[in-house]
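Residue strings, one per chain:
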2 protein chains.
Amino acid sequence: MKPYTCGLDAAADVIGGKWKPRILWALSHGPRRFGELRKEVSGVTEKMLIQQLRELESRRIVHREVYRQVPPKVEYSLTPLGETLNVALAPLDLWGAEHMEELESSRC
Amino acid sequence: MKPYTCGLDAAADVIGGKWKPRILWALSHGPRRFGELRKEVSGVTEKMLIQQLRELESRRIVHREVYRQVPPKVEYSLTPLGETLNVALAPLDLWGAEHMEELESSRC
DNA sequence: ACAAGTACCGACTAAATAGTCAGGTACTCA
DNA sequence: TGAGTACCTGACTATTTAGTCGGTACTTGT
């Protein structure tokens, strides 16, 4: 595997994937249970949600906390590294929001 | 096609794709000819480079200027919108650079 | 005449990513 | 006993994205 050629390259690798930006956005508002994420990230399937969460977990962006209860409860939250990532993503989120209409119109 | 759910979602759609971050990074240093980009974005094939450039062009992120000469010369540069995007990407680039080692190690 | 340089196009194939669906655990409540 | 909840897993398929490779047009240099 080739080394990253720039910071942007590295960052893109971490947030790449169809659902990660939206998962990160949801988690930026606080910890979320699996079921909550499934609702907030509308359209995602359970399988994809798990897959992307596992990837973010292995990158140490999100933390997974299992509560031993019945029915089970698993809570996902941003790690300190995840928090710094979200800070770095904030301007991009703002940019997207500011140019939303323009971007919607040039989509297809 | 569903509307974007947040700014991050919209932005990710624009910079999504294996090569766009690196193309944007190269163009952030000034206008580039097609052949120059091919060298700077090492590993990219001509087909992919064109494809991604066309997409960025249709999103009004990059501008394509054809010089009527022989041999042909085509220069790509960031539009004003592209410049604002790159400003928004700067913190992400920095984040990636700062955590490069950590990210490299958790890659596979 | 013909190779070389520059910027492409398009058919085909391969790899990566995402979606569907059936199932599984491990308890609680009626 | 059977239904319900929450959180998954894995096999299989579909879709999306990327890569290979051959070809084009035009003109300069040999």
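Preceding this paragraph is the structure being described.
Residues numbered from 1 in each chain as written. Chains lettered and ligands numbered in written order. Predicted model: local features only at pLDDT ≥ 70, side-chain atom pairs only at ≥ 80, totals over all residues. Heavy atoms only, no water.

**Details of the sheet that holds strand 2 (residues 62–67) of chain A**
Within a sheet, neighbouring strands are paired by backbone hydrogen bonds and run either parallel or antiparallel to one another. All names here are of chain A. Ordered by their spatial adjacency, three strands build an open sheet running 1-3-2, and the pairing between neighbours is antiparallel. In the strand order of this sheet, the two ends are held by strand 1 (32–33) and strand 2, each with one partner. Where strand 1 and strand 3 (residues 73–78) come together, two bridges link them in antiparallel fashion. Note that in strand 3 the partner of Arg-33 across the bridge is Glu-75. Packing of helix 2 (residues 20–27) onto the sheet brings it into contact with strand 1, strand 2 and strand 3, and relative to strand 3 it is tilted by some 95°. Against the sheet, helix 4 (residues 46–58) contacts strand 2 and strand 3, and its axis sits at roughly 115° relative to strand 2. (Pairing = 2+ DSSP bridges. Helix = DSSP H or I, 4+ residues; strand = E, 2+ residues; numbered from the N terminus. Contact = heavy atoms within 4.5 Å. Axes fitted to C-alpha atoms, helices over the stretch in contact; angles between N-to-C directions.)

**Topic: the interface of chain A and chain B**
Contacts between chain A and chain B engage 41 residues on the former and 41 residues on the latter. Interface area, chain A with chain B, both sides summed: about 4,000 Å², of which 71% is carbon and sulfur. The largest contributions to the chain A side of the interface with chain B come from A:Leu8, A:Trp95 and A:Arg107, which together make up 19% of the buried area. Linking chain A with chain B are two salt bridges. For the salt bridge of A:Asp13 with B:Arg107, the shortest nitrogen-to-oxygen distance reads 3.8 Å. The interface formed by chain A and chain B includes 18 residue pairs in polar contact (both at pLDDT 80 or more). Among the secondary structure elements, those contributing two or more residues to the side of chain A that touches chain B are helix 1 (7–15), helix 2, helix 5 (80–98) and helix 6 (100–105) of chain A. In terms of residue count, helix 5 of chain A provides more of the side of chain A that touches chain B than any other element does, 11 residues in total. Per-class residue counts for the side of chain A that touches chain B are 24 nonpolar, seven polar and 10 charged. (Buried area = accessible area lost by both parts, 1.4 Å probe. Salt bridge = Lys/Arg side-chain N within 4 Å of Asp/Glu carboxyl O. Polar contact = N/O pair within 3.5 Å; in protein donor to acceptor, adjacent residues only side chain to side chain. Nonpolar A, V, L, I, M, F, W, Y, C, P; charged D, E, K, R; others polar.)

**Thoughts on the protein's contact with DNA strand D**
Taken together, 21 residues lie around DNA strand D, and A:Glu46, A:Arg64, B:Lys18, B:Lys47 and B:Val70 are the ones closest in. Of all DNA strand D atoms lying within 4 Å of any protein atom, the proportion belonging to sugar or phosphate reaches 73%. Here a phosphate oxygen of DNA strand D and a side-chain polar atom of A:Arg33 are 3.2 Å apart. Contacts to DNA strand D include B:Trp19, whose side-chain N or O atom sits 3.2 Å from a phosphate oxygen. Secondary-structure elements contributing two or more residues to the surface near DNA strand D are helix 3 (34–40), helix 4 and strand 3 of chain A together with helix 4 (46–58) of chain B. It is helix 4 of chain A that contributes the most residues to the surface near DNA strand D, four residues altogether. Considered class by class, the residues forming the surface near DNA strand D number nine nonpolar, four polar and eight charged. (Near = heavy atom within 4 Å.)

**Focus on helix 2 of chain A**
Helix 2 of chain A sits mainly inside the fold: seven of its eight residues count as buried. For helix 2 of chain A, the complete set of buried residues consists of A:Lys20, A:Pro21, A:Arg22, A:Ile23, A:Leu24, A:Ala26 and A:Leu27. (Buried < 20%, exposed > 50% of the residue type's maximum accessible area, 1.4 Å probe, protein only.)

**Things to note about the protein's contact with DNA strand C**
Near DNA strand C, the surroundings consist of 21 residues, among which A:Lys18, A:Lys47, B:Glu46, B:Arg64 and B:Tyr76 are the closest. Restricting attention to atoms of DNA strand C within 4 Å of the protein, one finds that 73% of them are sugar or phosphate atoms. A:Trp19 is positioned such that a nitrogen or oxygen atom in its side chain is 3.2 Å from a phosphate oxygen of DNA strand C. The set of elements that each furnish at least two residues to the surface near DNA strand C consists of helix 4 of chain A together with helix 3 (34–40), helix 4 and strand 3 (73–78) of chain B. Examining the composition of the surface near DNA strand C, we find that four residues originate from one element, helix 4 of chain B, more than from any other. Residues belonging to the surface near DNA strand C are distributed by class as follows: nine nonpolar, four polar and eight charged.

**Concerning the pattern of salt bridges**
Enumeration over the complete set of coordinates arrives at 13 salt bridges over all chains. Its salt-bridge partner being A:Arg107, residue A:Glu104 comes within 3.8 Å of it at the nearest N-O pair. Judged by its relative accessible area of 16%, A:Arg107 is buried. Beyond isolated ion pairs, a larger network of salt bridges with shared partners links A:Asp13, A:Arg59, B:Glu104 and B:Arg107.

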